[in-house]
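Remarks on the overall topology
The lines below spell out each chain.
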Amino acid sequence: IEACSTLNLTIDDKEFDIPQVDTPPTLESILSELEDEEEPFVLEDTCVLNTDNMDAHSCDTSSLASSDSGDPAHLKRKRRTVDLNATVHGSVLRHSLLKGISAQIVSAATVSGVIAVGTSHGLALVFDTNQALRLCLGTKTTGAEFGAVSALSINHDCSRLLCGFAKGQITMWDLANGKLLRTITDAHPPGTAILHVKFTDDPTLAVCNDSGGSVFELAFRRVMGMRSCDSRCLFSGSKGEVCCIEPLHAPPDFRDHPITHYSLLAMASLTKILVIGLKPTLKVWMTFPYSKSDPSSVPQLAWQFVPVQKMVNPILAFCKGDTVHFLLVKKEETGTIHVIKQRQLHLSCDIISLSWINSRTLVLVDSHEKLQVVDRPSQEVLETLDLEQVQLVYNSRHFKSLATGGNVSQALALVGEKACYQSVSSYAGQIVYLGTKSAHIMTLRNWRERIDCWLKQEHFVEALSLAWSFHEGTAKAVVGLFGDPLKRKGVVSDKMVEILFQFTEYALKKCPEQGKIQVMEQHFQDVVPVLVEYCLLLQRADLLFNQLYAQLVENMVAKGVFLESLESYIVADRLGHLTPPIMRDLLAHYHDNGMMDSLERCIVHLDVTSLDIQQVVQVCWENQLYDAMIYVFNSGMNDYITPMEKLFAVIVPTLKEGRSLTVYSCVCINAYMCVCSCCLAGRAYPIGDIPEDLVVQVKNQVFEFLIRLHSADSSSEEEVFPFIHTLLHFDTREFLNVLAMTFEDFKNDKQALEYQQRIVDILLKVMVDNPDFTPSQVGGLFTFLARQLAKPDNTLFVNRKLFDQVLEFLCCPDDDSRHTERQQVLLELLQVGGVVQFNEERLLTLAEKAKFYQICEFLYEKKHLYDKIIDCYLQDPLRKWEIFSYIHNLLSMPGYSPEEKQTVKNKARQHMQILFKFLSCLLEPREGPHSESLLPLERDLNELLLDLLCRFAPHQLLSFLHTSQHYRLEEAIQITEKYHCNDARAYLLQKKGDVQGAFAVLLEVTTKHSDPVYGRGKLAEIQGLILGMLDTFNYEQTLLETTTSLLNHDLHWSLAHLRAAVTRGLHPRQDYCNICLQHYKRRQDSAEEIIVFSCGHLYHFQCLQQKNCGWGSAAEVQQRWRCYKCSSSHGGRSGISTEPKRSRSASLAQVCVCSCTVALLVGICCC
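Residues numbered from 1 in each chain as written. Predicted model: local features only at pLDDT ≥ 70, side-chain atom pairs only at ≥ 80, totals over all residues. Heavy atoms only, no water.

The name given to the protein in an unreviewed UniProt entry is RING-type domain-containing protein, with the source organism recorded as Amphiprion ocellaris. Quoted straight from UniProt, the Sequence similarities (unreviewed entry) entry for the protein says "Belongs to the VPS8 family." (UniProt positions renumbered as here; feature names shortened; annotations may be inferred.)

Some details on the overall build of the protein
Secondary structure summary: the protein contains 41 helices and 35 strands in total. Buried positions account for 48% of the 1167 residues belonging to the protein. Look at the contacts in the protein between residues 6 or more apart in sequence, and 59% of them connect residues 24 or more apart. Of the roughly 58100 Å² of accessible surface on the protein, 52% is carried by carbon and sulfur atoms. (Helix = DSSP H or I, 4+ residues; strand = E, 2+ residues; numbered from the N terminus. Buried < 20%, exposed > 50% of the residue type's maximum accessible area, 1.4 Å probe, protein only. Contact = heavy atoms within 4.5 Å. Areas by Shrake-Rupley, 256 points an atom, 1.4 Å probe, with all protein chains shown as cover.)

Examining a nonpolar patch on the surface
On the surface, a cluster of nonpolar side chains totalling about 350 Å² of accessible area is made up of Leu 1051, Leu 1055, Leu 1058 and Val 1062. Mapping Leu 1058 onto the fold places it in helix 39 (residues 1023-1063). (Patch = residues over 30% accessible without salt bridge, like charges linked within 9 Å, V, L, I, M, F, W, Y side chains within 5 Å. Salt bridge = Lys/Arg side-chain N within 4 Å of Asp/Glu carboxyl O.)

Notes on the confidence of the model for the protein
Here the protein shows a mean pLDDT of 78. Residues at 70 or above account for 81%. Note that pLDDT drops below 50 for residues 1-19; the model gives that stretch 57 contacts with residues more than four away or on any other chain. Confidence drops under pLDDT 50 across residues 30-87; counting only partners more than four residues distant or on other chains, this segment forms 156 contacts. (pLDDT = per-residue confidence, 0-100.)

Focus: the nonpolar core
One finds Phe 562 and Phe 782 to be the most contacted residues of the largest nonpolar core, which totals 193 residues. Looking at this core, the element that brings in the most residues is helix 18 (residues 663-681), giving ten residues. Leu 248, Ile 259, Leu 327 and Ala 419 belong to the second largest nonpolar core, which has 33 residues in total. (Core = buried A, V, L, I, M, F, W, Y, C linked by side-chain atoms within 4.5 Å.)

Overview of the environment of His 962
Structurally, the position occupied by His 962 is in helix 33 (residues 957-963). Once the C-alpha coordinates of His 962 and Tyr 987 are considered, the two residues, 25 residues apart in sequence, prove to be 9.2 Å apart.

What to know about the packing of helix 26 (residues 840-849) against helix 27 (residues 853-863)
Packed helix pairs are characterised by how far apart their axes lie and by the angle those axes make with each other. Direction vectors running N to C along helix 26 and helix 27 enclose 145 degrees, while the axes themselves pass 9 Å from each other. Seen along the crossing, helix 26 lies across helix 27 with a hand that is left-handed. When helix 26 is examined against helix 27, the residues Glu 840, Glu 841, Leu 843, Leu 844, Ala 847 and Glu 848 are found in contact with a partner set consisting of Ile 855, Cys 856, Leu 859, Tyr 860, Lys 862 and Lys 863. Class assignment of the residues belonging to the contact of helix 26 with helix 27 gives a composition of seven nonpolar, no polar and five charged. (Axes fitted to C-alpha atoms, helices over the stretch in contact; angles between N-to-C directions. Left-handed = near helix turned anticlockwise from the far one by under 90°. Nonpolar A, V, L, I, M, F, W, Y, C, P; charged D, E, K, R; others polar.)

A short note on helix 15 (residues 613-622)
Where helix 15 is concerned, the buried positions are Val 616, Val 617, Val 619 and Cys 620. The buried side chains of helix 15 occupy one side of the element, clustering within an arc of 165 degrees when seen end-on. (Arc of directions from axis to C-beta.)

Here we look at helix 6 (residues 447-456)
Residues Trp 447, Arg 450, Ile 451, Cys 453, Trp 454 and Leu 455 constitute the buried set of helix 6. Turning to helix 6, the residues buried within the fold contact helix 7 (460-472) and helix 8 (485-510).

Printed below as a string of structure tokens:
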């Protein structure tokens, strides 16, 4: 369908057979006139559409597809009301009511450059683009003969109109003069309605689809002034009924596309999709079966040319149910057509209409008449509208072919219940929906309209968010914007600036004049951060500070909120420069409100060029904002030493007087430590990095500062090297870590290496033999030195005697203070390589004297003396109970030789009690998924524990034998025999199977503890009898277990076969009762119980009841029945009321099943 020019023709009454009347009837009265065979329409009261945001007329309309009046039953259906919430995309569609046409139609319409309306009386009304009636095609006589207009189609140049009728005829009209060109009555089998008739891009070729499910090609010919039409069947309804067809129409820009030479046609049957080519010869290019769906779902087809990978090719969208499939169709170089399946779109609704509105956007309507706008690439639903008030027209009458007697299949009639093909049409970015009283057109709003929709509702935040998505190119369904990103951003930026001004004026105007200050603050909190955010996104700080702030400053609350909202953007480094007036106001506001922490956070992120350095330094120093002061000195003046001198001057008095550190003193000391550490590490404090060209210079300046003998304002009492001394006192470990990282960079710099040696010498001079430092601090120093000395490229020199001196200090046996701390310090020193600085033998001697058992363990570990490590654990009161874990780890972990493990075992055996406790814990059975012992392969350990149990805890012996399985039976019997543990020995012999041996052991025990008289008399005489009884018991027990197993197997087999027989489905031999010989469903309006037996006979429940074919009490929940026919044929009597014995006709199971209005009772008959 293509747009065409406006027609300015008048209607000739004679030509169109319009009768002369005194009072001309209105078009509405003509169209509303009822035919004799028609039922009156029952119309619901329609609500007045909200037309505030609609166009009064649709003069820019370029197309409207055909439709016809639907089945009246659809007008009576209940409408579902859905609450719709606006999405983040705003209002995407513009809904316009075609008032000029809606005032004259009742049933159907079509829109193109002209507007064609098909009515139920067989008339085709043609309107122009101003919705004024220009032509009335057809007469009431032809309408009575042909029936209602069921399908319309206009060719691409708007010169011809095809009309399909409910009784199967097709007519062609000349839209230039309104003349009838062709009447086609033999294009398809008679007695079927025309469901679709469509022009192809070839004006001489059209296709039609009838209610028989067949598709035909119509070839128009004109020879010597005679017009004719040749019909060819493309698809027969006998192979599967087609209910939707869609030829590929190329837009004007793509008329020369290679794919158009094939004249492709998509057809949707009830089971599959077909794509065929009509040219140059008829050929099927693709078939695609549907996935499982509801039989009543309506198949939908829609073509669209879409740019894919720098190429524009047609995509066929089709669906049946809730899933939309996309097929990309392109021509290969070989001349064949290649179809590529694209990503599917899944929705939770039954789709009854599918249309493209542009190459990226689909518009869907579901069975609840809810319209959804979907972005195909992202599969995101952009907007949802309710079409309830449209009262969509359905085409059910023609799918049921009521005009020709209703001779259609049930499947096609079922699909027709929701068919509205002729009520929906899309063309050139517009979709028209036909209602029973009006026509509605949906078009995509341009980007300005979408923003203005939010502005009219005073939703400025949503308007700005939508505008920003247009600016960044992330918006969906965009209309009216430039493709060039720079031009697009320029246009949208201007619009956003306009919105920002409107938002500011709105906020000041709507501000509550009276009330709590919190209410006013909250009001501006919802506005001001949004203004700041979008000004920064648009990179329009000038707009923010010079214009918007000038308006907000009139309100003191708005001014305060504005200044406070800047903090988050400054801290996030999104706003680095403030104008001098803003900076002054910021300092004053934060200072007056006591927001000094926030002020400091802002200062350290601002460009120093925007600061009044003298004012800022003064404010920072007065309010202890040390981080901000350091930042100003470092970034503004490249001065890294003055801040440290100022901080040191603050710290020294507190440290001298020995007062407890206040919060501000701690902050000052911490800043002093941090700035020194950062400068040595090449980083700026508190944020950022030192410029690369200044890194070396700053490090040298800091080292020169640290190694100063005295400070500038030193007194006679000041210690030497006060700066290093202060850092060591504050946090020794952290300062040494900073030095270690700094020394990593000192490799080829000669001057830096000299500083490194100088620093180390000062550290040794300050800390060694100084009672002010704890052993931990001194040990930390030597740990630091040991790490440095252990490096392969080490250039440091440290006197070895100092290490010996430290070793003597740490291992002093007479000093019990900080024993654990001194041992831990020495251990860390050894672990980082300090052991090379000591004589190991002397170190071991000192560690033993000082009772540093962890040091001894460290040295023994190096020498693989694992047996002595056990002594260390036993002698260490803090780690005594860890010996078990140590032995377990050593025995269970790989990496130790068998000889080393054996040495540990031998050592452990020397401490038998400890060994017994250890093995008891080690081999104790555990519950849970890992119920086995920890060492299931070490059977000798289990046997050793068994030996120890016999010696130290014989009362636990039987319990261990019951729970443990990791011992060898013969060895266990020998151990219990060795220690005369007769009860355990008897248990083991019985477990071995030697029952007589176990009995003999117990008999021996009994004999020893019994009276000697009984030992020589009767007890000895019955020994043989008891042993014989035991043998007989073992035999009979085995026999009983075997017999029980066989019986259980037979019982399971019988029950399984019986269950299979009971649960097998039943198939009646006939569909009538074997007693009354009537059909099983005698009445349509009431439920009736049916009984089916396994023999295949079927009965009505009442018939069997009358023949007394049941047994059991009538009060039972489910009475059992016998087959009347089988019982009679075997000589049974139907009148027996008592329960008989189980017979072949007995009902073994009954199941109640409801199907439609018939209740089915199923019984099984054994005959």
